[in-house]
Every structure is written in structure tokens, then in C-alpha cells.
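The chain contents come next:
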Amino acid sequence: TPKYQRTPVDWALQWVWNQPEISLALSGMSTFEQVVQNLESAGRSAVGSLTAADLDLVARVRDAYRDLRPIPCTECRYCQPCPNGVDIPRVFQMYNDGIMLNARERARFLYSLTSESDRAHNCADCGDCEEKCPQQIPIRDWLKQADAYLKP
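Residues numbered from 1 in each chain as written. Predicted model: local features only at pLDDT ≥ 70, side-chain atom pairs only at ≥ 80, totals over all residues. Heavy atoms only, no water.

**Student:** What am I meant to see in the packing of helix 5 (residues 104-113) against helix 7 (residues 139-150) here?
**Tutor:** A pair of packed helices is captured by two measures, namely the crossing angle of their axes and the spacing between those axes. In the contact formed by helix 5 and helix 7, the axes pass within 9 Å of each other and the chain directions differ by 100°. Taken together, the axes of helix 5 and helix 7 are roughly perpendicular relative to one another. Here helix 5 contributes Arg104, Ala107, Arg108 and Tyr111 to the contact with helix 7, which in turn contributes Asp147, Ala148, Tyr149 and Leu150. By residue class, the composition of the contact of helix 5 with helix 7 is five nonpolar, no polar and three charged. (Axes fitted to C-alpha atoms, helices over the stretch in contact; angles between N-to-C directions. Helix = DSSP H or I, 4+ residues; strand = E, 2+ residues; numbered from the N terminus. Parallel < 35°, antiparallel > 145°, perpendicular 65-115°, else oblique. Contact = heavy atoms within 4.5 Å. Nonpolar A, V, L, I, M, F, W, Y, C, P; charged D, E, K, R; others polar.)

Right, dumping it as C-alpha cells:
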């Protein structure tokens, strides 16, 4: 039985604080209860506080999530602005959500509500976005695939 019952937020904070290069972590909080929870989590934190079993669990969850989410976009928006107006992170989010949640019709509906100028078919294959992407995503290829999947 684990010593602490961890919430997803606690797992995330503990993982960050477990890294030796981290000296400060900022966490968005909206309620006093979240402040209390984060303080309790911080009180249990330290570099090396996660066990090998904890780190293995985190790695397995990360791998499962990556398997479900085909485009590894972190929505950093470094690819923006697109010279042709494509909202690349938004298109990728709709595509990933449709695949991950097995909800193609919902994704298509949301895409239909997206401004025509923001859609993937406006990509002119210039490659500016790929030069800026820290994830080295083949953005142009994924935009073509996302457009085929999302267009009504």
C-alpha cells in the first residue's frame, strides 16, 4: 500500500521536484484547497524522493499516453504565427483528441466551427513551422493527415 494516495497533480509536482535541476516550481492554483494540497505535496518533496517503482509507473503512464496521442505537440506555439494563418496547435489538438477519444465526429464538428482561415488545408508547405518546432514534428505531413481526418 502506498504511503500517500496521490492525485494526478501530486504525481506531476512530485515528478518535477524529484529532478535535481529544479529549484523552483510554479503551480497554478484557483482555490484555497488547492493551495493546501500543493503545500502538503511540497512538504513531502525532495530530489530523489520518488522510488524506482514510482518512476517506473510514471514512465508507463507517459508511454501509454504517447501511444494514444499520435502528434507529440506540446502546444508551445513556437510554430506560430503561420504565414498562411493555420492554427497548427489547435488543429493538432482536435486531431489528437479525435483519435485519443475515438470521437472523430465530435472532432469534425469542432473543426467545422473553426475559422476557415485557421484550417489545415491553408498550409502552403513552406516549412517555416518545422524550422521553429522544438519537438521536431513533421508538421506539414501531420497537417495533411489532420485535414483528411477532420474535414467534413
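Still more to cover.
**Student:** How should the pattern of salt bridges be read in this particular structure?
**Tutor:** Oppositely charged side chains can pair when the atoms bearing their charge come close. Enumeration according to the criterion identifies 13 salt bridges in this entry. Residue lysine 144 is joined to aspartate 125 by a salt bridge in which the shortest nitrogen-to-oxygen separation is 3.4 Å. Taken together, the positions of lysine 144 in helix 7 and aspartate 125 in the loop between helix 5 and helix 6 (128-132) put the pair 19 residues apart, joining distant regions of the chain. The exposure class assigned to lysine 144 is partly exposed, which follows from its relative accessible area of 47%. According to the relative accessible area criterion, aspartate 125 is partly exposed, its value standing at 38%. Sharing partners across several salt bridges, the network here consists of Arg6, Asp10, Arg44 and Asp54. (Salt bridge = Lys/Arg side-chain N within 4 Å of Asp/Glu carboxyl O. Buried < 20%, exposed > 50% of the residue type's maximum accessible area, 1.4 Å probe, protein only.)

**Student:** What exactly am I supposed to notice about the layout of surface pockets here?
**Tutor:** Any empty space left between atoms is shown by rolling a water-sized probe over those atoms. Within this model, the largest pocket holds a volume of roughly 360 Å³. In terms of lining residues, the largest pocket is bounded by 14 residues, among which Arg62, Tyr65, Arg66, Arg69 and Thr74 are the most central. A total of six residues in the lining of the largest pocket trace back to one element, the largest contributor, which is helix 3 (residues 52-68). Here the residues of the lining of the largest pocket are counted per class, giving nine nonpolar, two polar and three charged. Among the elements that take part in the lining of the second largest pocket, helix 2 (residues 32-43) stands out by supplying five residues, more than any other. Residues belonging to the lining of the second largest pocket are distributed by class as follows: two nonpolar, eight polar and four charged. (1 Å grid on protein atoms, 1.4 Å probe; cavity = no way out; pocket = protein on both sides within 12 Å on 5 of 7 lines; lining within 4 Å. Points joined across faces, edges and corners; volume = space filled by probe spheres on them.)

**Student:** What am I meant to see in empty space enclosed by the protein here?
**Tutor:** Enumeration over the complete set of coordinates arrives at two cavities of 30 Å³ or more. Of the pockets and cavities examined, the largest cavity occupies roughly 90 Å³. In terms of residues, the lining of the largest cavity owes the most to one element, helix 4 (residues 88-100), which gives three residues. Space inside the second largest cavity adds up to approximately 60 Å³. In terms of lining residues, the second largest cavity is bounded by Cys82, Pro83, Asn84, Ile88, Cys123, Ala124, Asp125, Cys126, Gly127, Cys129, Arg140 and Leu143. Taken together, the residues that form the lining of the second largest cavity break down as eight nonpolar, two polar and two charged.

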